[in-house]
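Commentary on secondary and tertiary structure
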Amino acid sequence: MDITELKSIFSERFGKECCVYTSPGRINLIGEHTDYNGGFVFPGAIDKGIYAGICLNGTDTIRAYSIDYQGSSEFGLNEEDKPSEAWARYIFGVCREIQKRGYSLGGFDTVFFGNVPLGAGMSSSAALESTFAFALNDLFQLGIDKFELARIGQATEHNYCGVKCGIMDQFASLFGKAGHLMRLNCATMEFEYFPFNPKGYKVVLLDTVVKHELASSAYNRRRESCENACAHIAKKHPEVKYLSDATMAMLNEIDVEIPAEDYMRAEYVIGEKQRVLDVCDALEKGDYATVGDRMYGTHYGMSKLYEVSCEELDFLNDIAKECGVTGSRVMGGGFGGCTINLVKEDLYDSFIATAKEKFNAKFGHEPKVYDVVISDGARKLDN
Ligand code: GLA
């Protein structure tokens, strides 16, 4: 599927021309499950995204067609009930969240497809939300800034899709810049672009093809554990607004007050904060050994303390270690999906071959391999 085909499918269905908008998925080098804890994340947008042809239709109705699901959905701008098709709820939610903020929208027709692997931890859903939030802002000239567009996508997840996610994915999808990662402070929303071109290394994702189910309350439960730990700490230390503001000493003061599970989740989050800062410093010095070491540290924490890894991800992480890969860890929310690997170029071929062979021998299928290209965020494509 490409843009020319997208446009011709649109004009066959709706008998007119469309504008095309796109917004990408993301990787995250380090800083996982820190966004909803007011911590740092370090994502970049990728060269895979959602592509939507859109044209206003002068009515109050949205008519949408998903090329990937080969299905259509129609809903009114003032309708209360969300559409029955799961994919259409993202578009519905974005419209409702824009309207809730007092902006007026009109109806539109849309046809879209995506090439972000689904359930792989690369944020296909944020790409979908960001595509429509960005496009509607542009088409209706609403003047909403990109931070608020990101919050509109995040609120869509919270209110229409049941995932109490943080802001990282929507932020990365909207603010991405080719060749750069972004270190975002999720408490203040201040961020910095870091050029990312690790000479002599490749960044590669290995997809277990095990689907994670973020919506399956496991993600939301992690968030509740963090909020519980934070609330106990804040009673003694009112300056602590987010769990990422806390220290291990503060956590240890309240360890008997909270369930052991909540303690482990908090221990991971507090450790992850320092790992992101270490990685940013190390990158500026070209010290990839430290970058990689912290990535392994994150994997350990996500597997043993935060418990969002799985057998397949741990297996890929072990293979990376055995092969001498510089850094490797589970990426994104977890519960399946990908590992992100920082690999020396001369090791790349043998690592991929070994990972495929061993994973296949154990699980009966090969992991999928995606080379990472850090790309631009949401935009309108020239017609
Ligand atoms: C998912 C969520 C993000 C973030 C990551 C984990 O991708 O959408 O907000 O919490 O998990 O870092």
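Treat the numbers as computed from the prediction; the structure is a model and nothing was measured.

The next subject is the sheet that holds strand β11 (residues 338-344). Judged by pairing direction, the sheet is antiparallel, and its four strands sit side by side in the order β10-β11-β9-β12 without closing on themselves. At either margin of the open sheet sits one strand with a lone partner, and together these are β10 (327-330) and β12 (368-371). Going across the sheet, the axis of each strand differs from the next one's by a mean of 20°, ignoring polarity. Examined bridge by bridge, β10 and β11 share four bridges and lie antiparallel to one another. Residue pairing across strands places Arg329 opposite Ile340, the latter belonging to β11. Seen against the sheet, helix α9 (residues 288-305) touches β9 (201-207), β10 and β11 and runs at an angle of roughly 25° to β10.

Partitioning the chain into domains gives domain 1 (3-196 + 375-381) and domain 2 (201-371). The C-alpha-based centres of domain 1 and domain 2 are spaced at 25 Å. Contact residues are listed per partner, giving 34 residues for domain 1 and 44 residues for domain 2. Summing both partners gives a buried area of about 3,200 Å² for domain 1 against domain 2, and 67% of it is carried by carbon and sulfur. Considering only the surface of domain 1 that becomes buried against domain 2, Ile30, His33 and Tyr36 emerge as the three largest contributors, covering 20% of it. Summed over the shared surface of domain 1 and domain 2, the result is one salt bridge. We note a salt bridge from Arg329 to Glu32, for which the minimum N-O separation is 2.7 Å.

In this section: unusual backbone geometry. Backbone phi values are negative for most residues with the exception of glycine, while trans is the configuration of most peptide bonds. One non-glycine residue, His33, adopts positive backbone phi at about 60°. Among the secondary structure elements, His33 is positioned in the loop between β1 (19-28) and β2 (40-41). Phi at Val209 takes a positive value of approximately 65°, unusual for a residue other than glycine. Mapped onto the fold, Val209 is located in the loop between β9 and α6 (218-236).

Now for the pairing of β9. β9 sits mainly inside the fold: six of its seven residues count as buried. Two strands pair when backbone bridges link them, and β9 and β11 are joined in this way by seven bridges, in the antiparallel orientation. Across the sheet, Leu205 pairs through a bridge with Ile340, a residue of β11. By the bridge criterion, four bridges tie β9 to β12 in an arrangement that is antiparallel.

This next bit is on the site of the ligand. Surrounding the ligand, one finds 13 residues, the nearest of these being Glu32, His33, Asp35, Asp169 and Tyr219. The separation between an oxygen atom of the ligand and a polar side-chain atom of Glu32 is 2.7 Å. A distance of 2.6 Å separates an oxygen atom of the ligand from a polar atom in the side chain of Tyr219. Protein burial of the ligand: of its 310 Å² of free accessible surface, 97% is covered by the chains. When grouped by side-chain class, the residues that make up the shell around the ligand number five nonpolar, four polar and four charged.

Now for the packing of helix α3 (residues 124-139) against helix α4 (residues 146-161). Contact geometry for α3 and α4: axes closest at 9 Å, N-to-C directions at 130°. Judged by the inter-axis angle, α3 sits oblique to α4. With respect to the hand of their crossing, α3 and α4 are arranged in right-handed fashion. Packed against α3, whose contacting residues are Ser125, Ala126, Glu129, Ala133, Phe134 and Asn137, the element α4 presents Leu149, Ile152, Gly153, Gln154, Thr156 and Glu157 at the interface. Among the residues forming the contact of α3 with α4, the class breakdown is five nonpolar, five polar and two charged.

Inspection of the entire model under this criterion finds 21 aromatic pairs. Ring centres 5.5 Å apart and planes at 65° place the aromatic pair Tyr36 and Tyr219 in the edge-to-face group. Here Tyr36 is found in the loop between β1 and β2, whereas its partner Tyr219 is found in helix α6, with 183 residues between them in sequence. Using a relative accessible area of 7% as the deciding quantity, one classes Tyr36 as buried. Residue Tyr219 is classed as buried on the basis of its relative accessible area of 5%. Relative to Tyr193, the ring of Phe191 has its centre 5.2 Å away and its plane inclined at 80°; by these criteria the two rings are edge-to-face. Three or more aromatic residues joined by ring pairs make a cluster, and in this case those are Phe147, Phe171, Phe175, Phe191 and Tyr193.

The rules behind the values
Residue positions are given per chain, counted from 1 along the sequence in the order it is written. The model is predicted, so local features are restricted to residues of pLDDT at least 70 and side-chain atom pairs to those at 80 or more, both for listing and for counting; the totals for chains, interfaces and linings are taken over all residues. The side-chain values count all of the structure's non-hydrogen atoms but skip hydrogen atoms and water molecules. When DSSP finds two or more bridges between a pair of strands, those strands are recorded as paired. For helices the rule is a DSSP run of H or I covering at least 4 residues; for strands it is a run of E covering at least 2, with both sets numbered from the N terminus onward. Every angle, taken between N-to-C directions, lies between 0 and 180 degrees, and every axis is a line fitted to C-alpha atoms, over only the stretch in contact when it is a helix. Whether two residues are in contact is decided by their heavy atoms: any pair within 4.5 Å suffices. Domain borders in the structure are assigned automatically or taken from a domain database. Once two parts are put together, the accessible area they lose, assessed with a 1.4 Å probe and summed over both, is termed the buried area. One side-chain nitrogen of Lys or Arg within 4 Å of one carboxyl oxygen of Asp or Glu is enough to make a salt bridge. For every residue, the accessible area obtained with a 1.4 Å probe (protein chains only) is divided by the maximum for its type, and the residue is called buried under 20%, exposed over 50%, and partly exposed between those limits. Proximity is defined per residue: any heavy atom of the residue falling within 4 Å of a molecule or strand makes that residue near it. Any pair of N or O atoms that falls within 3.5 Å is considered a polar contact. Within protein, one atom must be able to donate a hydrogen and the other to accept it, and sequence-neighbouring residues count only if both atoms are side-chain atoms. Accessibility throughout is a Shrake-Rupley quantity obtained with a 1.4 Å probe, and a residue counts as covered only by protein chains that appear here. When residues are sorted by character, Ala, Val, Leu, Ile, Met, Phe, Trp, Tyr, Cys and Pro go into the nonpolar class, Asp, Glu, Lys and Arg into the charged class, and all the rest, Gly among them, into the polar class. Any angle between 65 and 115 degrees counts as roughly perpendicular, while under 35 counts as roughly parallel, over 145 as roughly antiparallel, and the rest as oblique. By the definition used in this description, the sense in which the near helix is turned from the far one sets the handedness, with an anticlockwise turn below a right angle giving left-handed and a clockwise turn giving right-handed. Within 6.5 Å between ring centres, the rings of Phe, Tyr and Trp (the latter by its six-membered ring) count as paired, and their orientation is classed by plane angle as stacked under 30 degrees, edge-to-face over 60, tilted in between.

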